[in-house]
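Summary of structural features
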Amino acid sequence: MRFLLATVLASGTLHAATLDVDVKGPDGKPLADAIAYAVPKGPAPALRKREVNVQQVDKMFVPMVTVVQTGTPVNFPNRDPIRHHVYSFSAPKPFELKLYAGTPMAPIVFDKPGEVVLGCNIHDQMLGFILVVDTPYFAKSGADGKARIEALPAGEYDVMLWHPQLALPAPAAKPLKLRADETNALSYAVTLRPSPPKR
Amino acid sequence: MANPDIDKTTPIGVIDRRTARLQDRIVVFFVGLLMVVLLASFWMIHLTVERTAQKTVRSELEGSARVFKYLLELNSQKFLAATSVLTKDFGFREAIATRDRDTILSALTNHAARINASGMGVIGLDGIVVSDSLSPGSAGKPYPFADLISEAGTRGDASGIRLIGGKPHQIIIVPVLAPLPISWVSISFAVDDAVALERKRLTSTDITFVDASTNPPRILATTVPVSRQADLAKSVAAILKAAPNATRVNLAGDEFEVLSIPLEDARRAPLHALLQLSVEEGLENYKLLQVVMLFLAAICIGTTLLGSIRIARRVTRPIAALAAAAREIERGNYNITVNSTGSFEIQQLASAFTGMTRGLAERDNMRDILGKVSSHQVAEQLLKGEIELGGVEVVASVMFTDVRNFTALAEKMTPTQSLALLNEFLTEISRIVEEHEGVVDKYIGDGVMALFGAPVPREGDTQRAVQAALAVRDGVRELGKRLAKRGLPNPEVGCGLNTSNMIAGNIGSATRLNYTVLGDGVNLASRFEGLTKRYHVPIVAGERTHDQSTGIVWREIDKVRVHGRVKPERIFEPLGAVGSIDRYDLDRLQAWHDALEHFRGRRWAVAKAAFESLSGMQGYGRLSEIYLGYIRDLSATPPPPDWDGAFTLYEK
Ligand SMILES: [Cu+2]
């Protein structure tokens, strides 16, 4: 396992391409928490087997937006002194972690691609997202609106963009042919849905 | 078009049926005037109070409306809060998340019961009903109140009042958050009479919920009694038109102020709440005022009625008295005095009336004498009131004339002819009297009574009376000649003439007065007329007549004593004016007077011889015969020493 990972990493490093994605919001400002992912045209890449943590800190999901490859187990460690009751009714993975403190015994494995909205039954304001994608090539934009997908093997991809508030329909997949050791850049200007009113 | 009711003139004395009594008119006028004033003030006060009451009621209504709106908001908040809590129930969310219709439906029913909602539904984010406890059949169909969903989409939730199955419901739309909206939940609460009653408790006004989309508008729920609902439904259109102001509505006989409040944006749902307050309640204080005012008005009217009746009586009583007096005058009774009480004008009228009565009476008294007076001067004097017509003592001459053997004349004629003849006589005598400025007092049968020196005494009255008597004598003689030609008997006239003091004036009853003269002298004149038959002379005149006339040749007839009187009266016959008698006749007259002297000197034999010598002479036959008779009697029974030669008249 570790070997395989190393190999991939090595190959990525050696013969890989890089994709720089720049995301801007409707007002032209950099948009954070946008996820860009490249789905190779061909067989789905193998799962990079590693666990991901979505913590609960100060009654918030940290990070709020998480992207994982399909089949990735996700832990929900509770860093707060109080208990949480994390759940999702989203179709890819409805689950419920009844009131717990610390890290639950078993991680939740997200085995279907799609958007999973996370909530806490006792803290209405807690909102988190897990995007489950069929590719290991993804990146999340930072406050500067930039997301860099590295170690992309040369080949053809469909590049997708997702954001929790992305107005529908989402931007169409952008087909992209990547060569090794090449850096490509893509930029998005997206429109967002209004944030849901807080009640 | 001519109005047949209106005559051009109303004859005097004809009472118009429309002519009300003056008294009634006065009373009606005053009371009517007061009524008008009272009504006007009542109306003004009523108007003011009404306006104030209306203002009060309306401001109360507006206050209630604010409370109502606040309640509306509060209620929707309350329902929203309750619903939100409900939709965050994890079990509920889990049930929704199952997307199993039956499970969802049972969860909805269960949760609706928790907050006493009448129904609960789940609507997908796409607006399609997932499940609805009120109408399970609507699943899979678009939710009917898409506007509420859309509002909830932007605002996070929505509340509205909508008709479900024709009944108003407050509908709450909230999202089911997991934690982002996964669907909408609608919860509905029936707005029914119970809700209206609850609102009435809080706003203290009657509440009605109406649906204005139908015609007529439909009452959905109300606290108004059934008896008033029909009228209210009819008035809804007007009430809605007046909004946001209140309007006046009559419901089953009572007045209300009604204000309408839209429950929703009217474009979405034409539902309104009507708040109503009774105007009566606002007018409660006025009721007492009204009673007091009515009481005062009654006193006012009563006082005015009594007062005006009194005034009217004071005005009309003298008028009625005057009317009664006028009726008396109509009957000929002038002996009346009109009571002159009342106002100055009435007193004036009464005194004028009394004056008029007196005037009328005087004129009436004069009417008789006026008819007798031929002289215009005298008539004028009479009319001016310069001649006293009351009982006054006057010195006047009275003449009675009588046509003798008129009966014999009449026998040879038809009644019409004899009457015509009589009138001829009387006309002639009257003409002669008037010619001598005398007055024909009256006709007595076939005779005439004439006055000289009354009612107006003038110089030479007695003289003219004697001349009139002579003229009558001559006139009748002339007439006799004319009659003799027609083969009719010769009429003779007898004429009594006497001058004396007598009472002149109006004599008779109040209704019929005659101006005439009274007194012994008058009776004596009548006696003298009778004596003409005895002495066979045409004229017998009294002593005073004889003494007061001049230029007349007199023949003394006799000395008579009227029964009951002491003093004897010498009687004379005027023969004619001095100069009109021839010598021969004067000689005989002298012889007569000598014989009379002998007789009175008791020289019977000388007297007898003188009378006997005169008895054969024309005009002295009968007189001498009478005296020869006296002498026979006196010779047989000599008279007492105090004999004055008078013959006593016994018979009338
Ligand atoms: Cu929590």
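Residues numbered from 1 in each chain as written. Chains lettered and ligands numbered in written order. Predicted model: local features only at pLDDT ≥ 70, side-chain atom pairs only at ≥ 80, totals over all residues. Heavy atoms only, no water.

1. Topic: the overall build of chain A
What counts here: Strands are runs of DSSP state E lasting at least 2 residues, helices are runs of H or I lasting at least 4, and numbering of each runs from the N terminus. Areas reported as accessible are Shrake-Rupley estimates using a 1.4 Å probe. Residue values count occlusion only from the protein chains shown.
A tally of regular secondary structure across chain A gives one helix and 17 strands. In the structure as shown, chain A presents an accessible area of about 10,200 Å², 58% of it carried by carbon and sulfur atoms.

2. Description of the overall build of chain B
Our working definition: Whether two residues are in contact is decided by their heavy atoms, any of which lying within 4.5 Å being enough.
Helix and strand counts for chain B stand at 18 helices and 19 strands. Intrachain contacts of chain B at a sequence separation of at least 6 include 61% that bridge at least 24 residues. On chain B, roughly 34,400 Å² of surface is accessible, and the fraction owed to carbon and sulfur atoms is 56%.

3. A word on the interface of chain B and chain A
It is common to give the size of an interface as the accessible area that goes away when the parts come together. The criterion, for reference: Two parts lose some accessible area (1.4 Å probe) when they are put together, and adding that loss for both gives the buried area. In the sections that follow, a salt bridge refers to a side-chain nitrogen of Lys or Arg positioned within 4 Å of a carboxyl oxygen of Asp or Glu. Under this definition, polar contacts are N or O atom pairs within 3.5 Å; protein pairs additionally need one hydrogen-donor-capable and one acceptor-capable atom, and for neighbouring residues in sequence, both atoms have to be side-chain atoms. Amino acids are sorted into nonpolar (Ala, Val, Leu, Ile, Met, Phe, Trp, Tyr, Cys and Pro), charged (Asp, Glu, Lys and Arg) and polar (every other residue, Gly among them).
Facing 14 residues of chain B, the contacting portion of chain A comprises 15 residues. Here chain B and chain A share an interface that buries about 1,400 Å² over both sides, 63% of which is from carbon and sulfur atoms. Area buried by chain B at its contact with chain A is led by Phe90, Pro179 and Leu180 of chain B, which between them contribute 42% of it. Counting across the interface, chain B meets chain A through one salt bridge. Its salt-bridge partner being lysine 88 of chain B, residue aspartate 124 of chain A comes within 3.7 Å of it at the nearest N-O pair. For the pair chain B and chain A, the interface holds two residue pairs in polar contact (both at pLDDT 80 or more). The set of elements that each furnish at least two residues to the side of chain B that touches chain A consists of helix H2 (90-98) and helix H4 (146-155) of chain B. Counting residues per element, the side of chain B that touches chain A draws most heavily on H2 of chain B, at four residues. Tallied by class, the residues present in the side of chain B that touches chain A amount to seven nonpolar, two polar and five charged.

4. Topic: the packing of aromatic side chains
Let me state the cut-off plainly: Each Phe, Tyr or Trp ring (for Trp, its six-membered ring) is paired with any other whose centre lies within 6.5 Å, and the angle between the two planes then decides the class: stacked below 30 degrees, edge-to-face above 60, tilted in between. Exposure categories follow from relative accessible area, calculated using a 1.4 Å probe and restricted to protein chains: below 20% of the type maximum is buried, above 50% is exposed, and the middle band is partly exposed.
In total, this model carries 22 aromatic pairs over all chains according to the counting rule given. Summarising the aromatic geometry, the rings of tyrosine 87 of chain A and phenylalanine 90 of chain B are spaced 5.3 Å apart at their centres and angled 75° between planes, so their arrangement reads as edge-to-face. Pair noted here: tyrosine 87 of chain A is in strand S8 (residues 84-88) and phenylalanine 90 of chain B is in helix H2, and the two residues belong to different chains. Across the pair, phenylalanine 90 of chain B and tyrosine 87 of chain A agree in class, each one buried.

5. As for the pattern of salt bridges
Residues and elements named next belong to chain B. Scanning all chains against the criterion turns up 37 salt bridges over all chains. As a salt-bridge pair, glutamate 556 and arginine 570 come within 2.8 Å of each other at their nearest N and O atoms. With a gap of 14 residues between them, glutamate 556 in strand S17 (residues 552-562) and arginine 570 in strand S18 (residues 569-577) connect regions that are remote in the sequence. Across the pair aspartate 587 and arginine 583 runs a salt bridge, and its minimum N-O distance is 3.2 Å. One end of the pair, aspartate 587, and the other, arginine 583, are both in helix H16 (residues 583-600), four residues apart, so they sit about a helical turn from each other. Given a relative accessible area of 60%, arginine 583 falls into the exposed group. Overlapping salt bridges bring together Arg58, Arg248, Glu255 and Glu257 as one network.

6. A closer look at the coordination of the copper ion
Residue and element names in this part refer to chain A. Going by this rule: With water omitted from the atoms examined, metal sites may look incomplete; donors here are N, O and S atoms no farther than 2.8 Å from the metal, or 3.2 Å in the case of Na, K and Ca.
Donor atoms from the polypeptide that bind the copper ion are His84 (ND1), Cys120 (SG) and His123 (ND1), placed at 1.9 to 2.2 Å. Within one chain, the residues serving as donors to the copper ion are arranged as H-x35-C-x2-H. When sorted by exposure, cysteine 120 lands in the same class as histidine 123, which is buried.

7. Quick word on the packing of helix H1 (residues 22-87) of chain B against helix H8 (residues 284-331) of chain B
Residues and elements named next belong to chain B. Selection criterion: Axis definition: a line fit to C-alpha positions, over the contact stretch in the case of helices; interaxial angles, taken between N-to-C directions, run 0 to 180 degrees. The labels follow the angle: roughly parallel below 35 degrees, roughly antiparallel above 145, roughly perpendicular from 65 to 115, and oblique for the rest. In a left-handed crossing the near helix is turned counterclockwise from the far helix by less than a right angle, and in a right-handed crossing that turn is clockwise.
In the contact formed by H1 and H8, the axes pass within 8 Å of each other and the chain directions differ by 160°. When the axes of H1 and H8 are compared, the pair comes out roughly antiparallel. Relative to H8, the crossing made by H1 is right-handed. For the contact of H1 with H8, a count of residues per class yields 23 nonpolar, six polar and one charged.

8. A few points about the packing of helix H17 (residues 604-614) of chain B against helix H18 (residues 621-636) of chain B
All names here are of chain B. Where H17 meets H18, the closest approach of the two axes is 9 Å, and the angle between their N-to-C directions is 155°. The pairing of H17 with H18 is recorded here as roughly antiparallel in orientation. Crossing angle aside, the handedness with which H17 passes H18 is left-handed. Mapping the contact onto sequence places Trp604, Ala607, Lys608, Phe611, Glu612 and Leu614 in H17 and Ser624, Tyr627, Leu628, Ile631, Leu634 and Ser635 in H18. The residue makeup of the contact of H17 with H18, split by class, is eight nonpolar, two polar and two charged.

9. Describing helix H12 (residues 415-435) of chain B
Residue and element names in this part refer to chain B. For clarity, the threshold we go by: To estimate the expected span of a helix, subtract one from its residue number and multiply by 1.5 Å.
When the terminal C-alpha atoms of H12 are compared, their 30 Å separation across 21 residues agrees well with the 30 Å that a helix rising 1.5 Å per residue should span. Within the span of H12, buried status applies to Ser418, Leu421, Leu422, Phe425, Leu426, Ile429, Ser430, Ile432 and Val433. On its buried side, H12 packs onto strand S11 (392-404), helix H11 (406-411), strand S12 (439-444), strand S13 (447-452) and helix H13 (461-485). Within two residues after H12, glutamate 437 carries a phi angle of roughly 60°, on the positive side.

10. Let's talk about the nonpolar core
Residues and elements named next belong to chain B. Rule in force here: Buried Ala, Val, Leu, Ile, Met, Phe, Trp, Tyr and Cys residues form a nonpolar core when they are joined through side-chain atoms within 4.5 Å.
In terms of nonpolar packing, the biggest core is built from 34 residues, with Met399, Leu409 and Phe425 touching the most fellow members. When residues of this core are traced back to their parent elements, those giving at least two are S11, H11, H12, S13, H13, strand S14 (492-508), strand S16 (539-541) and S17. Element by element, the count of residues in this core is highest for H13, at nine residues. In this structure phenylalanine 425 touches Val403, Phe406, Leu409, Val476, Leu479, Leu483 and Pro491, once residues within four positions along its chain are discounted. Grouped together as the second largest cluster of nonpolar side chains are 33 residues, Ala595, Phe611, Leu628 and Tyr630 included.

11. Quick notes on the layout of surface pockets
As a reminder, the rule being used: In this analysis the probe radius is 1.4 Å and the grid spacing 1 Å, with only protein atoms considered; a cavity is a set of points the probe fits into but cannot get out of, a pocket is an open set with protein on both sides within 12 Å along at least five of seven lines, and lining residues have an atom within 4 Å of a point. Grid points are joined across faces, edges and corners, and a volume is the space filled by probe spheres set on the points.
Empty space within the second largest pocket amounts to approximately 760 Å³. When grouped by side-chain class, the residues that make up the lining of the second largest pocket number eight nonpolar, six polar and eight charged.

12. Topic: the sheet that holds strand S11 (residues 114-120) of chain A
All names here are of chain A. Inclusion rule: Criterion used throughout: strands pair if DSSP finds at least two bridges between them.
Taken in spatial order, the five strands of this open sheet run S6-S12-S11-S8-S9, and their pairing is mixed. One side of each edge strand has no neighbouring strand; the edge strands of this open sheet are strand S6 (65-69) and strand S9 (95-100). Each neighbouring strand pair of the sheet contributes to a mean axis angle of 20°, computed without reference to strand direction. The pairing of S8 with S9 spans four bridges and is classified as antiparallel. Its bridge partner lying in S9, valine 86 is registered against leucine 97.

13. As for the confidence of the model for chain A
Stated precisely, the cut-off is as follows: How sure the predictor is of each residue is captured by pLDDT, a score from 0 to 100.
For chain A, the mean per-residue pLDDT works out to 85, and 90% of the residues sit at or above 70. Here residues 1-13 of chain A is a poorly scored stretch, pLDDT under 50, and it has three contacts once near neighbours within four places are set aside; other chains count.

14. With respect to unusual backbone geometry
With an omega dihedral of -5°, the bond running from valine 62 of chain A to proline 63 of chain A counts as a cis peptide bond. Positioned with a positive phi, asparagine 116 of chain B is a non-glycine residue whose angle comes to about 55°. Following the sequence through the fold, asparagine 116 of chain B ends up in the loop between helix H3 (101-114) and strand S1 (119-124). For asparagine 116 of chain B, a relative accessible area of 68% translates into the label exposed.

15. Here we look at a nonpolar patch on the surface
Short version of the rule: Exposure above 30% relative accessible area and the absence of a salt bridge qualify a residue for a patch, where like charges join within 9 Å and nonpolar side chains (Val, Leu, Ile, Met, Phe, Trp, Tyr) within 5 Å.
A cluster of nonpolar residues, Leu288, Val292, Phe295, Leu296 and Ile299 of chain B, forms a patch on the protein surface that exposes about 510 Å² of accessible area. With respect to the helices, strands and loops of the structure, phenylalanine 295 of chain B is situated in helix H8.

16. Quick notes on the environment of threonine 70 of chain A
Residues and elements named next belong to chain A. Looking at where threonine 70 falls in the secondary structure, it is placed in the loop between S6 and strand S7 (72-75). Judged by relative accessible area, which is 18%, threonine 70 ranks as buried. Separated by 23 residues in the primary sequence, threonine 70 and leucine 47 place their C-alpha atoms 7.4 Å from one another. The contacts of threonine 70, once residues within four sequence positions are left out, are Leu47, Phe110, Asp111, Lys112, Pro113, Val132, Val133 and Asp134. Within the structure, threonine 70 has its side chain in polar contact with the side chain of aspartate 134 (distance 2.4 Å).

17. Quick look at the sheet that holds strand S2 (residues 129-132) of chain B
Residues and elements named next belong to chain B. The strand order S2-S1-S5-S4-S3 describes an open sheet built from five strands, whose pairing is antiparallel. Each having just a single partner strand, S2 and strand S3 (158-164) make up the two edges of the open sheet. The mean angle between the axes of side-by-side strands here comes to 25°, regardless of whether they run parallel or antiparallel. Bridge count between S1 and S2: three bridges; the pairing is antiparallel.

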